[in-house]
Amino acid sequence: MRSSFLFFLILIELIFNISCKKARVDSDTVSSKDNSVAEQSFNKVNTGVVAISIKEEGVNKAAGFSLTCATVTIQGDSTYPKTIIIDYGTGCSESDGGVISGKITAQISNKWSTVGSTSTYTLENFNRNGVILKGTVQLVNNGNYSYSTNVSDGQVSGAGWTVHHNGEKTVKWIAGMATDSLIIDDIYEISGSSIGVS
């Protein structure tokens, strides 16, 4: 009887320990996932802004150009700097299935094909699939299908989480250049560092 009772106590202790371990949240894993979402979110926006900036060669022709569901407006004459506004309105679906709302306002210093040209953008009420992005990003054309990014005062948030995000990166476009209207086949090499605090 005593050994049965001891076995029963050990069994309850094991069940309790296993149950507690399953219920405990691994905060390092959650923070890593949140930071990964922040990285991916800013990278996605950067790709879109660069794609519009590349078309900026004929920037006046691009006015009113629709990025599947966004309205792109160019402010300024034939001189630089120029302002490009990418407006998703209250929400629309992009070709990749993302539901986006809000506005991106980019200041372009020179023709994007000019090495050293910058595009600095801010996000206004920007929301992609329930993930809200805030901050200022500067993109610099390094030439040879490469650009650098600098995210400052970045914030990415979703239901019950927020990541404060800053970083500097270099992005090199290594495949998909021949189909600039199709972003799904684009491949990028990314190097640099970032800090995300949840």
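Keep in mind the model is a prediction, meaning the values are calculated, not measured.

Draft legend 1. Examining the overall build of the chain more closely. In terms of helices and strands, the chain carries 3 helices and 10 strands. The helix and strand sequence of the chain, counted from the amino end, reads α-α-α-β-β-β-β-β-β-β-β-β-β. Relative to its 198 residues, the chain shows a buried fraction of 33%. Sequence separation of 24 or more characterises 44% of the internal contacts of the chain that already satisfy a separation of 6 or more. Accessible surface, the chain as shown: approximately 11500 Å² in total, 56% of it carbon and sulfur.

Draft legend 2. Just the nonpolar core, in detail. By size, the foremost hydrophobic cluster in this structure holds 31 residues, and its most contacted members are I86, Y88, I104 and Y121. Every element with two or more residues in this core is listed here: α2 (27-55), β2 (70-75), β3 (82-87), β5 (99-108), β6 (118-128), β7 (131-143), β8 (146-158) and β9 (161-175). Examining the composition of this core, we find that 5 residues originate from one element, α2, more than from any other.

Draft legend 3. Local environment of the pairing of β6. Bridge count between β5 and β6: 8 bridges; the pairing is antiparallel. Bridge pairing in β6 links I104 to L123. Relative to β7, β6 runs antiparallel, the two being bridged by 8 bridges. Bridged to Y121 within β7 is V137. Count of turn residues in the β6/β7 antiparallel hairpin: 2 residues, of which N129 carries a positive phi of about 55°.

Draft legend 4. Spotlight on the state of the cysteines. On inspection of all chains with the given rule, the structure shows 1 disulfide. Two residues, C69 and C92, share a disulfide whose sulfurs are 2.1 Å apart. Torsion about the S-S bond of the C69 and C92 cystine: about 60°, corresponding to right-handed handedness. Of this pair, C69 sits in the loop between β1 (66-67) and β2 while C92 sits in strand β4 (residues 92-93), and the two are 23 residues apart along the sequence. As far as burial versus exposure is concerned, C69 and C92 are alike and both buried.

Draft legend 5. Local environment of empty space enclosed by the protein. On inspection of all chains with the given rule, the structure shows 2 cavities of 30 Å³ or more. Put simply, the second largest cavity is a space of about 50 Å³. Taken together, 10 residues form the lining of the second largest cavity, with N43, T149, V151, H165 and K169 sitting closest to its centre. Of all the secondary-structure elements, those providing two or more residues to the lining of the second largest cavity are α2, β8 and β9. Ranked by residue count, the leading element in the lining of the second largest cavity is α2, at 4 residues. In terms of residue class, the lining of the second largest cavity is built from 2 nonpolar, 6 polar and 2 charged.

Draft legend 6. Broad picture of unusual backbone geometry. For the bond from Y80 to P81, the omega torsion is 5°, close enough to zero to count as cis. In this structure, P81 sits in the loop between β2 and β3. Notably, N144 is not glycine yet its phi reads approximately 55°, a positive angle. By secondary structure assignment, the location of N144 is in the loop between β7 and β8.

Draft legend 7. Expanded view of the packing of aromatic side chains. Throughout the structure, instances matching the rule amount to 3 aromatic pairs. When the ring of Y88 is compared with that of F126, the centres are 6.1 Å apart and the planes differ by 75°; the resulting orientation is edge-to-face. A residue pair is termed long-range when its members are at least 10 positions apart, and Y88 in the loop between β3 and β4 and F126 in strand β6 qualify at 38 residues. Residue Y88 shares its accessibility class with F126, and that shared class is buried. Measuring from centroid to centroid gives 6.0 Å for W173 and Y188, while their planes differ by 15°, and the two rings are stacked. Of this pair, W173 sits in strand β9 while Y188 sits in strand β10 (residues 187-197), placing them 15 residues apart in sequence. Of the residues examined, W173 reaches a relative accessible area of 12% and is grouped as buried. Given the relative accessible area of 26%, Y188 is considered partly exposed. The ring of Y80 carries K82 above its face, with NZ or CZ at 5.0 Å from the centroid.

Basis of the calculations
- Once a new chain begins, its residue numbering starts again from 1 and follows that chain's sequence as written.
- With the structure being a predicted model, the display of local features is reserved for residues of pLDDT at least 70 and the display and counting of side-chain atom pairs for 80 or more, all residues being used for whole-chain, interface and lining totals.
- With hydrogens and water excluded, all non-hydrogen atoms of the structure serve as input to the side-chain values.
- Numbering of helices and strands runs from the N terminus; a helix is a DSSP stretch of H or I covering at least four residues, while a strand is a stretch of E covering at least two.
- We call a residue buried when its accessible area falls under 20% of the maximum for its residue type, exposed when it is over 50%, and partly exposed in between, using a 1.4 Å probe and counting protein chains only.
- Should any heavy atoms of two residues lie within 4.5 Å, those residues are considered in contact.
- Accessible surface area values rest on a Shrake-Rupley calculation with a 1.4 Å probe, where residue burial reflects the displayed protein chains alone.
- Side-chain atoms within 4.5 Å are what join buried Ala, Val, Leu, Ile, Met, Phe, Trp, Tyr and Cys residues into a set we call a nonpolar core.
- Only strands that DSSP links by at least two bridges are regarded as paired with each other.
- A pair of sulfur atoms, both from cysteines and within 2.5 Å, is called a disulfide here.
- Lining residues are those with an atom within 4 Å of a point, where the points come from a 1 Å grid over the protein atoms alone and group into cavities, where a 1.4 Å probe fits but cannot get out, or pockets, open sets with protein on both sides within 12 Å along at least five of seven lines.
- Grid points are joined across faces, edges and corners, and a volume is the space filled by probe spheres set on the points.
- In this classification, Asp, Glu, Lys and Arg are treated as charged, Ala, Val, Leu, Ile, Met, Phe, Trp, Tyr, Cys and Pro as nonpolar, and every other residue, Gly included, as polar.
- Pairing of aromatic rings covers Phe, Tyr and the six-membered ring of Trp, with a centre-to-centre limit of 6.5 Å; geometry is then stacked below 30 degrees between planes, edge-to-face above 60, and tilted otherwise.
- Each ring is checked for a lysine NZ or an arginine CZ that lies within 6 Å of its centre and within 35 degrees of its normal; such an atom marks a charge sitting over the ring.

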